[in-house]
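# Results of the structural survey
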Amino acid sequence: MASGLHESDVANPVLRWIDARLPVITMMQKEYGTFPTPRNFNYFWNFGALAMVNLLIMIATGVFLAMNYTPHTSMAFDSVERIMRDVNFGWLLRYVHANGASMFFIVVYIHIWRGLYYGSYKAPRELLWMLGVVIFLLMMATAFMGYVLPWGQMSFWGATVITNLFSALPLIGPDIVTWLWGGFSVDNPTLNRFYSLHYLLPFVIFGVVFLHVAALHITGSNNPLGIDPKGPQDTVPFHPYYTAKDSVGLIAYFVVFAILVFFFPNMLGHPDNYIPANPLVTPAHIVPEWYFLPFYAILRAVPDKLGGVALMFGSIAILFVLPWLDTSPVRSMRFRPVAKIFLFLWLIAFFVLLYCGGKPPEEPFVTIARVAAAYYFLYFLVILPLLGRLERPLPLPESIARPVLRGGGPLPVGAMSKPMEKA
Amino acid sequence: MPVKATLKAVVVAAGLLAGAGLGTLPARAASGGEALPHVNFSFDGLFGHFDRASAQRGFQVYKEVCANCHSMHLLSYRNLRELGLSEAQVRGIAASVQVKDGPNDEGEMFERPGRPSDRFHSPFPNEQAARAANNGALPPDLSLITKAREGGAQYVHALLTGYEDPPPGVTLMPGMNYNKYFAGHQIAMAQPLSSDGQVEYTDGTQPTVEQMVRDVSQFLTWAAEPELEQRKAMGVKMVIFLVILGGFAYAIKRKVWSDVH
């Protein structure tokens, strides 16, 4: 071996030359080719890859939108309309980007649900999970600032309401709000900095996604049974098995995405955002984008402003400590008959909050939202810590291979040792 | 097992979508009051397209009635080519308005006949002038009106046909009109299309109020979503392509996994 060169086994001489000096091909082969992956994934395990694709779509469309967008209060709205009317396929770019945000949240919510149901947050994947929560927070910030850019009525008033939340902080609150705005109201400086940050944050997300994936490749993936693979009979190489399976999920996702973009491009938006921003006219109901509604409902469920802001941020912050709140050593809810029921109730509470967040703040929605918000926190703070001690889990299977291959017994591993020859 | 899991995933995704729809739609409808009467438009549905004759008549209605107060500043005269008007017709329509241009080499602003590249001529020079001429109310720009109102073209149709006498007990503010589909029911705009034959159509279509309202709704939808036809046609092809591709992907997945299951 030449001094310090990586011993590459790539056949192509040019690629081998590169790989010997910068072993990216070996790395990709190791992390995405032969990477041992539990053999029992269901389709819920597609959503991580889908989120990755979605991020790339957002960045790609966003870069081209930015070439045609003008971040100035007097021109932003009309520049977006010029994209819709005069830029070649500008309408497609913008509708993909706008609905891509909704798709991103749908995908990530399902991805988070997958983690909650199969206990993917538990040891040894705590840091992996926490990085995921960081990505989620960054996504929310990015989506919020992106929604401000078209400078429609909901852009302006949404920005006003959300930035004003910080004024609830004691002592420094009002100063922070002035600092965020770059002035004494939401105005051109606000739009400029939101545009700058909206372009920056996706790349920060990309960086954290890299860490998320790096951490995943240390611990390996969880799986629907929540038990660790015990040997090669429990895993398959990532390629071609999961590249093939992810392709199926990816196309199903594209179908949903296409239906949204081509037939219902404005279904998830708000009509008021096609009215140019007017600081003198307040819309009848200021509603955030649908993916913020559960948290908006928690905010409004508390009669005190500071308390509402604290609970809203707390509802996400609590996810950071979830790995330690859940005291049960059993990961998958399949083997936790009692916790499973409480988790499904939590899911219902989440949807109830989403529903109430879109309703005007009046009865009966306020009371319903309060009950749902209380249960949201009760699940994490009381039920999960207690159930770890009280619940008797079902017996765990011996290994991943046994319940998958009916009858168990010795495994025909010959097929798996040379997976590349099959396709 | 995978089938069950797929179903679960689909149900969750559908639930999120439906939840989003439920969460936002009724809230918006709540401000509008009465349910809108349903009208079938040619641009509805997966294969929707614009009825160009109707949209051209709608443009005539806009030009002769609405344009007295409402601007459409996002549209240019050249856009009318997409409605089937000829180059000469578009030039004629554009030239019928005087556009302020300049400064010229002497530094003077001057007026010239409009060109196809000009934006639609606005009836008022600014918001204050529009309000002053309309009893303090601002006639909204109509470029995006069907996207900027819950219900879209259905709402425009309902609003234009929703004028009636105020019910007993309701006192209108001075200069206001009663409209059962308008939020709060008091609208500053007087009924704009009130009698049959208000606009003289040249293609033989009877200009009833209902016909004029439908035509102008068609025109305004085109104005707000000129890409609609291209978008839906592309969508049909895209979905068919993806479904076929998905079939192949699933077949490959089955083949790849056949030795594991």
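See the structure shown above.
Summarised in this report is the structure supplied together with it. (Residues numbered from 1 in each chain as written. Chains lettered and ligands numbered in written order. Predicted model: local features only at pLDDT ≥ 70, side-chain atom pairs only at ≥ 80, totals over all residues. Heavy atoms only, no water.)

### Points about the overall build of chain B
- Looking only at helices and strands, one finds eight helices and four strands in chain B.
- Scanning chain B from its N terminus toward the C terminus, one meets helices and strands in the order α-α-α-β-β-α-α-α-β-β-α-α.
- Residue burial in chain B is summarised as follows: out of 261 residues, 41% are buried.
- Sequence separation of 24 or more characterises 62% of the internal contacts of chain B that already satisfy a separation of 6 or more.
- As displayed, chain B has an accessible area near 13,400 Å², and 59% of this comes from carbon and sulfur atoms. (Helix = DSSP H or I, 4+ residues; strand = E, 2+ residues; numbered from the N terminus. Buried < 20%, exposed > 50% of the residue type's maximum accessible area, 1.4 Å probe, protein only. Contact = heavy atoms within 4.5 Å. Areas by Shrake-Rupley, 256 points an atom, 1.4 Å probe, with all protein chains shown as cover.)

### Quick word on unusual backbone geometry
- In this structure, Pro364 of chain A follows Glu363 of chain A across a cis peptide bond, with omega equal to 0 degrees.
- Of note, Pro364 of chain A is situated in the loop between helix H14 (337–357) and helix H15 (365–390).
- Cis geometry is adopted by the peptide bond preceding Pro103 of chain B, which originates at Gly102 of chain B and carries an omega value of 0 degrees.
- Relative to the helices and strands, Pro103 of chain B resides in the loop between strand E1 (98–101) and strand E2 (110–113).
- A positive phi angle, close to 55 degrees, is found at Phe89 of chain A, a residue other than glycine.
- Take Phe89 of chain A: it is sitting in the loop between helix H4 (76–85) and helix H5 (90–117).
- Positioned with a positive phi, Leu171 of chain A is a non-glycine residue whose angle comes to about 65 degrees.
- By secondary structure assignment, the location of Leu171 of chain A is in the loop between helix H7 (153–164) and helix H8 (173–181).

### Notes on the pattern of salt bridges
- Taken as a whole, this structure holds 20 salt bridges over all chains when the rule is applied.
- A salt bridge links Glu87 of chain B to Arg91 of chain B; the nearest nitrogen and oxygen atoms lie 3.4 Å apart. Of this pair, Glu87 of chain B and Arg91 of chain B both sit in helix H3 (residues 87–95), four residues apart, roughly one helical turn.
- Glu87 of chain B sits in the partly exposed class, given a relative accessible area of 34%.
- By relative accessible area, which is 47% here, Arg91 of chain B ends up partly exposed.
- A salt bridge links Arg131 of chain B to Glu127 of chain B, with the nearest nitrogen and oxygen atoms 3.0 Å apart. Of this pair, Arg131 of chain B and Glu127 of chain B both sit in helix H4 (residues 127–133), separated by four residues, roughly a single helical turn.
- A residue is classified by how much of its surface remains accessible, and Arg131 of chain B, at 31% relative accessible area, is partly exposed.
- A single network of salt bridges, built from pairs that share partners, joins Lys122, Asp326, Arg336 and Glu391 of chain A. (Salt bridge = Lys/Arg side-chain N within 4 Å of Asp/Glu carboxyl O.)

### Some thoughts on the nonpolar core
- In terms of nonpolar packing, the biggest core is built from 141 residues, with Phe105, Trp346 and Phe380 of chain A touching the most fellow members.
- The greatest single-element share of this core, amounting to 17 residues, is contributed by H5 of chain A.
- Non-local contacts of Phe105 of chain A, meaning those with residues more than four positions away in its chain, are made with Phe136, Met139, Met140, Ala143, Trp290, Tyr291 and Phe292 of chain A.
- Listed in part, the 39 residues of the second largest apolar core include Ala55, Met72, Trp222 and Ala223 of chain B. (Core = buried A, V, L, I, M, F, W, Y, C linked by side-chain atoms within 4.5 Å.)

### Describing a nonpolar patch on the surface
Residues and elements named next belong to chain A.
- The grouping of Val14, Leu15, Trp17, Ile18, Leu22 and Val24 at the surface amounts to a nonpolar patch, some 560 Å² of accessible area in total.
- A total of four residues in the nonpolar patch trace back to one element, the largest contributor, which is helix H1 (residues 13–21).
- As for its placement among the helices and strands, Ile18 is situated in helix H1.
- Residue Ile18 is classed as partly exposed on the basis of its relative accessible area, which comes to 35%. (Patch = residues over 30% accessible without salt bridge, like charges linked within 9 Å, V, L, I, M, F, W, Y side chains within 5 Å.)

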